[in-house]
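The residues making up each chain are set out below.
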Amino acid sequence: MATSDYYDSEEELDLSEDDLEFDLQDLHITSQDSEIEFLFKSLTSDVLWISIVEKADHVAAFIGMTRDECLVLLQHYDWREDKVLDDFLSLGDEIKVSKGLALSSKLRHSLPLHSLSRICAICCEQVDQMFHLEQCSHEYCVKCYTRYLSDKLRQQDSLVLCMEPSCSISVSLQDLKALDSNFPGKDHKPLYDIMISNIAKNYVESNPKLKWCPAPDCTGIVQFDGFSTYEIGTLKEYLDSHNLPIVTCPYSHSFCFACSYEDHDPIPCNIAKNWIRKSKDDSETANWIDINTKQCPKCDAVIEKNGGCNHMTCKKCAYQFCWICLQDWPLHGTAYYNCSRYDASAIKEMHQKQQTTKQSLKRYLHYYKFYISHELSAHQDNDLFRSIESRVQEMQQDLGISWIDCQFYRTAMKLLIKSRKVLKWSYALLYYCEVNNYVYIVETNQSFLSNSIEDLSHLFQLTDPKCIVRERLQFINLSNSMKKREAALVEIIHEGLKNQHLKVT
Amino acid sequence: MSFKGKRLAKEYKDLVSNQVPGITCEATDSFDTLVIQVSVLDNPLYIDDSYRLRFIFSDKYPFSPPQVQFIDKIPIHPHIYSNGHICLNILGNDWTPSQTVASISMSVQSMLASNNLNQRPPDDDNYVKHAPENPQHSSFYYHDDTV
Ligand SMILES: [Zn+2]
Ligand SMILES: [Zn+2]
Ligand SMILES: [Zn+2]
Ligand SMILES: [Zn+2]
Ligand SMILES: [Zn+2]
Ligand SMILES: [Zn+2]
């Protein structure tokens, strides 16, 4: 790769705070002693459906029933093939009656004849088209049956019975196909498709090795495939030895397999969970921050943040300030922007009064403020990320730059998003930690990482493709130094938790 | 006439013409609510009384269940709360549009007929204190049907 030359050229790195970098050696931090991998496969819902169908066909071949019937049976037995076979051996075809696949012969004889009147008992209208399930003859009009089923399916039911209350016949995929054929238009979302996704949900929920991707509207699935070593047998053991099962769905969303929340590395699940609950519950925090706008501290103009960078310039009066602390930006800029922590005396003072609730709220808000502003910046980064392809295209077309040579831009954005996530969660962790010198070390590293992130997201405010290409080296250098600092922060936190330098209260 | 109106007109007609012992429909001039008098002939716990069961129908009826509860005098039963709310699966999760006012009334009637416990649900005090006005907003944990 053409860009790789730049990775090692130290002169190019803009590490003006290098001398402040925390010395890892002094703290006896062993680097990555034996990393145990959490093995997984990411599946799309189509691929998952293929394996569900295979399972049904497998059972079908044994007991001589259809795939549709076996999909219903398997759900009744929590997808345990052996249980289905056991019951089939003892019950024979009676299993069909007990699980809603067929009526008993007695009931079959008492079924109503097809009515000639063609009046639907639900809507009381005279209709042309009546519908009944293949296995029984309880007739209702096509419209009413469809409405009933789409209500049921929308509640994510995957085992739905005939509309007649006394009838125990299950609706099959075949029945749904027949109903769908009455609505060929595009406005009708096929019931068949909804049922398939409901069955898949039932399957995933019954199998602890499978998890849905928690990202909104994502249909990706992750399958747990064991660990890279036999020393660890269960997920619990894995978590207890300070590992996190961070996985990625087929659509590149990363999340924690243990708690199904977004990637919260480097902090443990329970802390992430407590933090999320707390930040949702606290009405104070809701009032405290108003999401995407702030007033200029000088002229009170309302300013909207349009990118992830914390360096704000008021369009009205040109005052430059820091989004987080609302202080003059030049104060931050020259030395290092001391904005990821209180200064030492403030911390000391804060800790003396820590016992009182007021202080604890203040302390919480302190960390929350950092957490939430990086969370919001992350949303904006994501928006930027979505528009990145069009910018890359501009670079390629207007400036004749090859796809591979534009990679630096994408890569830098990906790294930025990841680093911001790590930084964000590290603030949540510190809220729960007893204050000691180690916390101070973590804060110092947060501060380094925060500066790198700030620098890089500042660079991302460039929109002109020419300027972006001109700053390519800067993009590469800044993202590299950011990545190093991120790794340092993660390692310090992992070590701190492992050796209990960080005492979680 | 609306979907709901047409269907309820038919149900009302059937209720009046096909008399079921112990189930009487009070006269009504609107199809938003209906009151059914339920009496139980063969259970000493309820023999002397007639109870009033009130149905309130939303515009989504019959695709969503009516809101059903006892009013005035509330029969003592382990699935009936003292505010009149009834814990009955067909009024919630197991509702299907082919249930009718008559079929619900008969289910409630047989629920009373088969009961021999002179008591309220165990969580009655707590439930009544916090219950929403509309019983459909309660997520009942359905009591064992065999009681
Ligand atoms: Zn109909
Ligand atoms: Zn049926
Ligand atoms: Zn996903
Ligand atoms: Zn987790
Ligand atoms: Zn201003
Ligand atoms: Zn600041």
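It should be noted that the structure appears before, not after, this text.
Residues numbered from 1 in each chain as written. Chains lettered and ligands numbered in written order. Predicted model: local features only at pLDDT ≥ 70, side-chain atom pairs only at ≥ 80, totals over all residues. Heavy atoms only, no water.

A. The arrangement of the state of the cysteines in detail. All names here are of chain A. Per the stated rule, a full pass over the model turns up zero disulfides over all chains. Between Cys124, a cysteine without a disulfide, and Cys123, which holds the nearest cysteine sulfur, the sulfur-to-sulfur distance is 6.7 Å. By relative accessible area, Cys124 is classed as buried at 11%. (Disulfide = S-S within 2.5 Å. Buried < 20%, exposed > 50% of the residue type's maximum accessible area, 1.4 Å probe, protein only.)

B. The arrangement of helix H1 (residues 3-17) of chain B in detail. Residue and element names in this part refer to chain B. Here H1 spans 22 Å end to end across 15 residues, near enough to the 21 Å set by a 1.5 Å rise per residue. For H1, every residue scored as buried is listed here: Lys4, Gly5, Arg7, Leu8, Glu11 and Leu15. Along the axis of H1, the buried residues cluster in a sector spanning 165 degrees; they form a single face. Counted as exposed and oriented over 90 degrees from the buried face of H1: Lys13 and Ser17. (Helix = DSSP H or I, 4+ residues; strand = E, 2+ residues; numbered from the N terminus. Expected span 1.5 Å × (residues − 1). Arc of directions from axis to C-beta.)

C. Summary view of the layout of surface pockets. Residues and elements named next belong to chain A. One number sums up the size of the largest pocket: a volume of about 1000 Å³. Of all the secondary-structure elements, those providing two or more residues to the lining of the largest pocket are strand E7 (254-256), helix H15 (357-399) and helix H16 (407-431). Lining the lining of the largest pocket are residues from two domains, each supplying at least three of them: domain 1 (29-44 + 208-263) and domain 5 (361-498). (1 Å grid on protein atoms, 1.4 Å probe; cavity = no way out; pocket = protein on both sides within 12 Å on 5 of 7 lines; lining within 4 Å. Points joined across faces, edges and corners; volume = space filled by probe spheres on them. Domains from an automatic or database assignment.)

D. Summary view of the packing of aromatic side chains. Enumeration over the complete set of coordinates arrives at 33 aromatic pairs over all chains. Measuring from centroid to centroid gives 6.2 Å for B:Tyr51 and B:Phe70, while their planes differ by 75 degrees, and the two rings are edge-to-face. Taken together, the residues B:Tyr51 in strand E3 (residues 50-56) and B:Phe70 in strand E4 (residues 67-71) connect sequence positions 19 residues apart. Using a relative accessible area of 3% as the deciding quantity, one classes B:Tyr51 as buried. Taking relative accessible area as the criterion, B:Phe70 reaches 1% and is therefore assigned buried. One aromatic cluster is present, formed by A:Tyr261, A:Trp275, A:Tyr364, A:Tyr368, A:Tyr371, A:Trp425, A:Tyr431 and A:Tyr432 through successive ring pairs. Just above the ring of A:Phe257 sits the side chain of A:Lys211; from NZ or CZ to the centre is 4.5 Å. Over the ring of A:Tyr364 we find A:Lys278, and its NZ or CZ is 4.5 Å from the ring centre. (Phe/Tyr/Trp six-rings, centres within 6.5 Å; stacked < 30°, edge-to-face > 60°. Lys NZ or Arg CZ within 6 Å of the ring centre and 35° of its normal.)

Nothing here speaks to function; it is all geometry.
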